[in-house]
Amino acid sequence: KAGVTQTPRYLIKTRGQQVTLSCSPISGHRSVSWYQQTPGQGLQFLFEYFSETQRNKGNFPGRFSGRQFSNSRSEMNVSTLELGDSALYLCASSPTAEPGTGEQFFGPGTRLTVL
Amino acid sequence: GENVEQHPSTLSVQEGDSAVIKCTYSDSASNYFPWYKQELGKRPQLIIDIRSNVGEKKDQRIAVTLNKTAKHFSLHITETQPEDSAVYFCAASKGGGFKTIFGAGTRLFVKA
């Protein structure tokens, strides 16, 4: 099976713009989670989707949003970009509905740079 | 709120020595504790995990221990090799879906 894929791999935006990132999970996986990775903060949980429903949300401002489609592909959107949004955005998919019953597989990430 | 603290932030060991990374979690409802290894420029990969009904789990040179009372869990790597050099993340989650809270990471250097 193909692994988790993310597009684009690299993005450069300017402050105030908005951006949409895409994640295609492993075939058959219905849970998709998003994380922000920065050198100083490590991996921070953004949100998780399962069967098109957002089940969990982290402590990020409302500028960060996401959705999941019926084929389990997921997108996340960041509006009104700030310099501090520069980070590697990782998505992860799992074949199961609950932690501990199935492994989370990470994608390669999208590196977003905000100038 | 939910928090996972991880220590040390950097660890340097000689090849063949053991390495220990410690984590503390705040949410007593956490019941699943995975450990991830992230090599430079690569994605995190699960190396071992433990559920709250188990005190210890071992997989070859890697072991994880869990103390639910103290809300501590640790990763032990024995007979370290240069290819063990990477950033290691501990994490905690509970039921209700994948809301995985990660520690800040430990950069492990194994000197040949």
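Anyway, here's the lowdown on the structure attached to this text. Computed from a predicted structure; not experimentally measured. (Residues numbered from 1 in each chain as written. Chains lettered and ligands numbered in written order. Predicted model: local features only at pLDDT ≥ 70, side-chain atom pairs only at ≥ 80, totals over all residues. Heavy atoms only, no water.)

## Side note on empty space enclosed by the protein
Take a probe with the size of a water molecule and roll it over the atoms, and the empty space left behind shows itself. Counted by the stated rule, this structure contains 2 cavities of 30 Å³ or more. Reported here for the largest cavity is a volume of approximately 80 Å³. Lining of the largest cavity is provided by B:Glu2, B:Asn3, B:Val4, B:Tyr25, B:Ser26, B:Asp27, B:Ser30, B:Ala92, B:Ser93, B:Lys94, B:Lys99 and B:Ile101. Residue composition of the lining of the largest cavity, grouped by class: 4 nonpolar, 4 polar and 4 charged. Estimates place the volume of the second largest cavity at around 30 Å³. If you go around the second largest cavity, the residues you meet are A:Pro99, A:Gln104, B:Tyr32, B:Pro34, B:Tyr36, B:Ser93, B:Phe98 and B:Thr100. (1 Å grid on protein atoms, 1.4 Å probe; cavity = no way out; pocket = protein on both sides within 12 Å on 5 of 7 lines; lining within 4 Å. Points joined across faces, edges and corners; volume = space filled by probe spheres on them. Nonpolar A, V, L, I, M, F, W, Y, C, P; charged D, E, K, R; others polar.)

## Section: the pairing of strand 5 (residues 42-50) of chain A
Residue and element names in this part refer to chain A. Within strand 5, 8 of the 9 residues are buried, leaving the element largely enclosed by the surrounding structure. Sheet analysis places strand 4 (residues 31-38) next to strand 5, joined by 8 bridges and oriented antiparallel. By the bridge assignment for strand 5, Gln37 is matched with Leu43. Bridge analysis of strand 5 against strand 6 (residues 53-57) gives 4 bridges, and the strand direction is antiparallel. Across the sheet, residue Glu48 finds its bridge partner in strand 6, namely Asn56. Between strand 5 and strand 6, which follow one another and run antiparallel, lie 2 residues, and Ser51 among them has a positive phi close to 50 degrees. (Buried < 20%, exposed > 50% of the residue type's maximum accessible area, 1.4 Å probe, protein only. Helix = DSSP H or I, 4+ residues; strand = E, 2+ residues; numbered from the N terminus. Pairing = 2+ DSSP bridges.)

## Looking at the sheet that holds strand 1 (residues 4-7) of chain B
Residue and element names in this part refer to chain B. As summarised here, the arrangement of the 5 strands in space is 1-3-8-7-6, forming an open sheet in which the pairing is antiparallel. In this open sheet, the two edge strands, each paired with only one partner strand, are strand 1 and strand 6 (56-59). Sheet twist, expressed as the average angle between the axes of neighbouring strands with direction ignored, equals 15 degrees. With 6 bridges connecting them, strand 3 (residues 19-25) and strand 8 (residues 72-77) associate as antiparallel partners. Counted as the bridge partner of Ala19 is Ile77 from strand 8. (Axes fitted to C-alpha atoms, helices over the stretch in contact; angles between N-to-C directions.)

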